[in-house]
Amino acid sequence: MLTVQGINTYYGDSHILRGVDVDLPASTSVGLLGRNGMGKTTLIRTLMGYVRPASGQVKLDGQDVTGWVPEKMARRGIGYVPEGRGIFPNLSVKENLLMSARAGIDGQRAWTFDRVMATFPRLTERLSHGGQQLSGGEQQMLSIGRALMTNPRLLILDEATEGLAPLIVAEIWRVIADIRTTGIATLIVDRDWRKVLGHTDRAVVMEKGRIVLASESAALVAAPEALSALLGV
Ligand SMILES: Nc1ncnc2c1ncn2[C@@H]1O[C@H](COP(=O)(O)OP(=O)(O)OP(=O)(O)O)[C@@H](O)[C@H]1O
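Everything numeric in this text was worked out from a predicted model, so none of it was measured. (Residues numbered from 1 in each chain as written. Predicted model: local features only at pLDDT ≥ 70, side-chain atom pairs only at ≥ 80, totals over all residues.)

A.B. asks: Outline unusual backbone geometry, supporting the account with residue identities and numerical values.
C.D. replies: Of note, Ser27 is a non-glycine position whose phi angle comes to about 55°, a positive value. Position of Ser27 among the secondary structure elements: in the loop between β2 (14-24) and β3 (29-33). With 14 C-beta atoms packed within 10 Å, Ser27 lands in the partly exposed category. Within the chain, Asp61 stands out as a residue other than glycine whose phi angle is a positive 50°. Using a count of 13 C-beta atoms within 10 Å as the deciding quantity, one classes Asp61 as partly exposed. (Helix = DSSP H or I, 4+ residues; strand = E, 2+ residues; numbered from the N terminus. Buried ≥ 20, exposed ≤ 12 C-beta atoms within 10 Å, placed from the backbone.)

Below you can see the structure in the form of C-alpha coordinates.
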(Lines give C-alpha, C1' and ligand atoms only; values in the text may rest on other atoms or scores of the structure.)
Protein backbone atom coordinates (compact mmCIF):
# COMPACT_ATOMS: atom_id res chain seq x y z
CA MET A 1 0.00 0.00 0.00
CA LEU A 2 2.47 2.69 1.19
CA THR A 3 6.15 2.35 0.38
CA VAL A 4 9.12 4.57 0.93
CA GLN A 5 12.10 4.10 -1.36
CA GLY A 6 15.57 5.56 -1.03
CA ILE A 7 14.44 8.56 1.00
CA ASN A 8 16.97 11.25 1.93
CA THR A 9 15.63 14.07 4.09
CA TYR A 10 17.47 17.12 5.39
CA TYR A 11 16.67 19.74 8.01
CA GLY A 12 18.75 22.61 6.66
CA ASP A 13 22.26 21.21 6.31
CA SER A 14 21.59 18.25 8.61
CA HIS A 15 21.25 15.04 6.66
CA ILE A 16 18.64 13.20 8.75
CA LEU A 17 17.23 10.30 6.67
CA ARG A 18 19.87 8.44 4.69
CA GLY A 19 18.42 6.17 2.05
CA VAL A 20 15.42 4.81 3.92
CA ASP A 21 13.28 2.02 2.42
CA VAL A 22 10.14 0.90 4.22
CA ASP A 23 7.15 -1.10 3.06
CA LEU A 24 3.78 -0.70 4.78
CA PRO A 25 1.46 -3.32 3.24
CA ALA A 26 -2.32 -3.22 3.68
CA SER A 27 -3.69 -4.66 6.92
CA THR A 28 -0.20 -5.09 8.35
CA SER A 29 1.13 -3.65 11.61
CA VAL A 30 4.68 -2.35 11.52
CA GLY A 31 6.69 -1.14 14.51
CA LEU A 32 9.22 1.64 14.04
CA LEU A 33 11.89 1.45 16.72
CA GLY A 34 15.09 3.31 17.51
CA ARG A 35 16.65 5.46 20.21
CA ASN A 36 15.87 9.18 20.54
CA GLY A 37 16.81 11.33 17.61
CA MET A 38 17.39 8.48 15.16
CA GLY A 39 14.85 9.82 12.65
CA LYS A 40 11.55 8.05 13.38
CA THR A 41 9.42 11.17 13.51
CA THR A 42 11.25 12.63 10.52
CA LEU A 43 10.42 9.50 8.54
CA ILE A 44 6.74 9.82 9.45
CA ARG A 45 6.74 13.53 8.65
CA THR A 46 8.35 12.78 5.30
CA LEU A 47 5.87 10.10 4.30
CA MET A 48 2.92 12.27 5.42
CA GLY A 49 4.19 15.18 3.35
CA TYR A 50 5.10 17.63 6.12
CA VAL A 51 8.71 17.50 4.98
CA ARG A 52 9.83 17.10 1.41
CA PRO A 53 12.66 14.62 0.88
CA ALA A 54 15.71 15.72 -1.11
CA SER A 55 15.54 12.43 -3.00
CA GLY A 56 13.67 9.16 -3.02
CA GLN A 57 10.00 8.37 -3.43
CA VAL A 58 6.87 7.86 -1.38
CA LYS A 59 4.42 5.62 -3.21
CA LEU A 60 0.79 4.94 -2.40
CA ASP A 61 -0.81 2.04 -4.27
CA GLY A 62 2.08 2.28 -6.71
CA GLN A 63 1.49 5.98 -7.42
CA ASP A 64 4.25 8.48 -6.74
CA VAL A 65 2.87 10.74 -4.00
CA THR A 66 6.17 12.34 -2.97
CA GLY A 67 5.56 15.92 -1.97
CA TRP A 68 1.79 15.56 -1.61
CA VAL A 69 0.46 17.76 1.18
CA PRO A 70 -0.66 16.00 4.38
CA GLU A 71 -4.35 16.75 3.76
CA LYS A 72 -4.19 14.89 0.47
CA MET A 73 -2.50 11.91 2.12
CA ALA A 74 -5.23 11.94 4.77
CA ARG A 75 -7.92 11.96 2.08
CA ARG A 76 -6.31 8.89 0.57
CA GLY A 77 -6.68 7.02 3.84
CA ILE A 78 -3.59 7.74 5.88
CA GLY A 79 -4.51 8.61 9.47
CA TYR A 80 -1.87 10.27 11.61
CA VAL A 81 -1.80 10.72 15.38
CA PRO A 82 1.18 13.01 15.89
CA GLU A 83 3.45 13.06 18.91
CA GLY A 84 2.00 15.76 21.14
CA ARG A 85 -1.51 14.98 19.94
CA GLY A 86 -2.77 17.69 17.58
CA ILE A 87 -6.35 18.23 18.69
CA PHE A 88 -8.22 21.53 18.50
CA PRO A 89 -8.06 22.91 22.06
CA ASN A 90 -10.88 25.43 21.59
CA LEU A 91 -13.39 22.94 20.20
CA SER A 92 -15.36 20.48 22.29
CA VAL A 93 -14.66 16.77 22.24
CA LYS A 94 -17.75 16.23 20.10
CA GLU A 95 -16.78 18.96 17.65
CA ASN A 96 -13.25 17.60 17.40
CA LEU A 97 -14.62 14.21 16.46
CA LEU A 98 -17.40 15.29 14.12
CA MET A 99 -15.24 17.65 12.11
CA SER A 100 -12.96 14.72 11.25
CA ALA A 101 -15.74 12.40 10.10
CA ARG A 102 -15.25 11.11 6.60
CA ALA A 103 -15.86 7.91 4.64
CA GLY A 104 -12.85 5.75 3.86
CA ILE A 105 -11.47 5.69 0.30
CA ASP A 106 -13.72 2.76 -0.59
CA GLY A 107 -16.73 4.63 0.80
CA GLN A 108 -16.95 2.59 4.00
CA ARG A 109 -17.84 4.22 7.30
CA ALA A 110 -16.89 1.47 9.71
CA TRP A 111 -15.78 4.04 12.30
CA THR A 112 -18.65 6.27 13.33
CA PHE A 113 -19.06 8.68 16.21
CA ASP A 114 -20.92 5.96 18.17
CA ARG A 115 -18.20 3.42 17.60
CA VAL A 116 -15.51 5.84 18.75
CA MET A 117 -17.62 6.51 21.86
CA ALA A 118 -17.91 2.78 22.50
CA THR A 119 -14.15 2.43 22.07
CA PHE A 120 -13.33 5.30 24.44
CA PRO A 121 -16.13 5.34 27.05
CA ARG A 122 -14.22 8.01 29.00
CA LEU A 123 -14.84 10.49 26.23
CA THR A 124 -18.62 10.13 26.49
CA GLU A 125 -18.46 11.90 29.84
CA ARG A 126 -16.44 14.74 28.32
CA LEU A 127 -18.33 15.45 25.11
CA SER A 128 -18.97 19.12 25.78
CA HIS A 129 -15.57 19.78 27.34
CA GLY A 130 -13.03 21.76 25.37
CA GLY A 131 -9.93 19.94 24.19
CA GLN A 132 -7.79 21.95 26.60
CA GLN A 133 -9.86 20.79 29.61
CA LEU A 134 -9.00 17.14 29.06
CA SER A 135 -6.35 15.14 30.87
CA GLY A 136 -3.37 14.02 28.83
CA GLY A 137 -4.83 10.54 28.47
CA GLU A 138 -8.19 11.88 27.33
CA GLN A 139 -6.47 14.13 24.80
CA GLN A 140 -4.63 11.12 23.43
CA MET A 141 -7.85 9.14 23.16
CA LEU A 142 -9.50 12.06 21.38
CA SER A 143 -6.57 12.29 19.01
CA ILE A 144 -6.83 8.59 18.14
CA GLY A 145 -10.62 8.92 17.92
CA ARG A 146 -10.27 11.78 15.45
CA ALA A 147 -7.97 9.72 13.26
CA LEU A 148 -10.40 6.78 13.35
CA MET A 149 -13.30 9.06 12.33
CA THR A 150 -11.51 9.52 8.98
CA ASN A 151 -11.86 5.75 8.39
CA PRO A 152 -8.20 5.34 7.51
CA ARG A 153 -6.62 2.25 6.00
CA LEU A 154 -3.32 3.08 7.67
CA LEU A 155 -3.06 4.61 11.14
CA ILE A 156 0.27 6.10 12.19
CA LEU A 157 0.76 6.41 15.94
CA ASP A 158 3.81 8.39 17.09
CA GLU A 159 4.46 7.95 20.83
CA ALA A 160 0.77 7.53 21.61
CA THR A 161 1.42 6.45 25.20
CA GLU A 162 4.13 8.95 26.11
CA GLY A 163 3.75 10.54 29.53
CA LEU A 164 0.48 8.80 30.39
CA ALA A 165 -0.50 6.94 33.56
CA PRO A 166 -0.14 3.13 33.42
CA LEU A 167 -3.90 2.47 33.38
CA ILE A 168 -4.38 4.81 30.43
CA VAL A 169 -1.38 3.31 28.66
CA ALA A 170 -2.96 -0.13 29.04
CA GLU A 171 -6.22 1.18 27.61
CA ILE A 172 -4.47 2.67 24.61
CA TRP A 173 -2.70 -0.62 23.86
CA ARG A 174 -6.04 -2.40 24.13
CA VAL A 175 -7.50 -0.02 21.56
CA ILE A 176 -4.46 -0.48 19.29
CA ALA A 177 -5.06 -4.24 19.46
CA ASP A 178 -8.75 -3.72 18.58
CA ILE A 179 -7.87 -1.48 15.65
CA ARG A 180 -5.48 -4.09 14.35
CA THR A 181 -8.20 -6.75 14.28
CA THR A 182 -10.34 -4.51 12.05
CA GLY A 183 -7.81 -4.72 9.23
CA ILE A 184 -6.46 -1.18 9.50
CA ALA A 185 -2.71 -1.20 8.92
CA THR A 186 -0.70 0.52 11.65
CA LEU A 187 2.72 2.12 11.95
CA ILE A 188 3.59 2.35 15.62
CA VAL A 189 6.36 4.30 17.31
CA ASP A 190 6.62 3.77 21.06
CA ARG A 191 9.37 3.63 23.64
CA ASP A 192 8.04 0.33 25.03
CA TRP A 193 9.62 -1.94 22.45
CA ARG A 194 8.17 -5.09 24.01
CA LYS A 195 4.66 -3.73 23.58
CA VAL A 196 5.48 -2.62 20.02
CA LEU A 197 6.67 -6.12 19.14
CA GLY A 198 3.61 -7.63 20.80
CA HIS A 199 1.26 -5.51 18.69
CA THR A 200 2.93 -5.67 15.28
CA ASP A 201 3.65 -8.16 12.50
CA ARG A 202 6.98 -6.61 11.54
CA ALA A 203 9.41 -4.14 13.03
CA VAL A 204 12.11 -1.93 11.60
CA VAL A 205 14.84 -0.30 13.63
CA MET A 206 16.41 3.04 12.78
CA GLU A 207 19.87 4.19 13.69
CA LYS A 208 21.23 7.57 12.58
CA GLY A 209 18.71 7.95 9.79
CA ARG A 210 19.06 4.44 8.40
CA ILE A 211 17.02 1.26 8.74
CA VAL A 212 19.53 -1.12 10.28
CA LEU A 213 17.27 -4.02 11.19
CA ALA A 214 14.00 -5.27 9.72
CA SER A 215 12.34 -8.44 10.90
CA GLU A 216 9.17 -10.18 11.85
CA SER A 217 8.25 -8.94 15.31
CA ALA A 218 7.87 -12.46 16.68
CA ALA A 219 11.43 -13.29 15.64
CA LEU A 220 12.72 -10.26 17.55
CA VAL A 221 10.78 -11.33 20.63
CA ALA A 222 12.36 -14.79 20.40
CA ALA A 223 15.89 -13.42 19.86
CA PRO A 224 16.02 -9.83 21.12
CA GLU A 225 19.84 -9.50 21.43
CA ALA A 226 20.45 -7.52 18.22
CA LEU A 227 17.51 -5.26 19.00
CA SER A 228 18.63 -4.70 22.60
CA ALA A 229 22.06 -3.68 21.38
CA LEU A 230 20.57 -1.14 18.96
CA LEU A 231 18.16 0.28 21.51
CA GLY A 232 20.70 0.26 24.32
CA VAL A 233 18.43 -1.68 26.64
N1 LIG B 1 12.72 20.78 12.85
C2 LIG B 1 13.96 20.31 12.98
N3 LIG B 1 15.02 21.05 12.58
C4 LIG B 1 16.28 20.58 12.70
N5 LIG B 1 16.60 19.36 13.17
C6 LIG B 1 15.59 18.58 13.58
C7 LIG B 1 14.22 19.01 13.52
N8 LIG B 1 13.45 18.00 14.01
C9 LIG B 1 14.28 17.00 14.36
N10 LIG B 1 15.56 17.34 14.11
C11 LIG B 1 16.74 16.48 14.31
O12 LIG B 1 16.59 15.38 13.46
C13 LIG B 1 17.06 14.19 14.10
C14 LIG B 1 15.98 13.14 14.04
O15 LIG B 1 14.89 13.55 14.86
P16 LIG B 1 13.53 12.74 14.96
O17 LIG B 1 12.59 13.55 15.77
O18 LIG B 1 13.13 12.29 13.62
O19 LIG B 1 13.99 11.47 15.78
P20 LIG B 1 13.15 10.39 16.53
O21 LIG B 1 13.80 9.10 16.21
O22 LIG B 1 11.72 10.54 16.21
O23 LIG B 1 13.42 10.72 18.03
P24 LIG B 1 12.48 11.18 19.21
O25 LIG B 1 11.97 9.93 19.81
O26 LIG B 1 13.41 11.93 20.10
O27 LIG B 1 11.40 12.06 18.61
C28 LIG B 1 17.49 14.60 15.49
O29 LIG B 1 18.88 14.78 15.48
C30 LIG B 1 16.79 15.91 15.71
O31 LIG B 1 17.54 16.73 16.56
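A.B. asks: Explain the environment of Gly19 to me, and be specific about the residues and the numbers.
C.D. replies: Note that Gly19 resides in strand β2. You can call Gly19 partly exposed: it has 13 C-beta atoms within 10 Å. With 138 residues separating them in the primary sequence, Gly19 and Leu157 have C-alpha atoms 22 Å apart.

Note that all results are geometric; they support no functional claim without further evidence.
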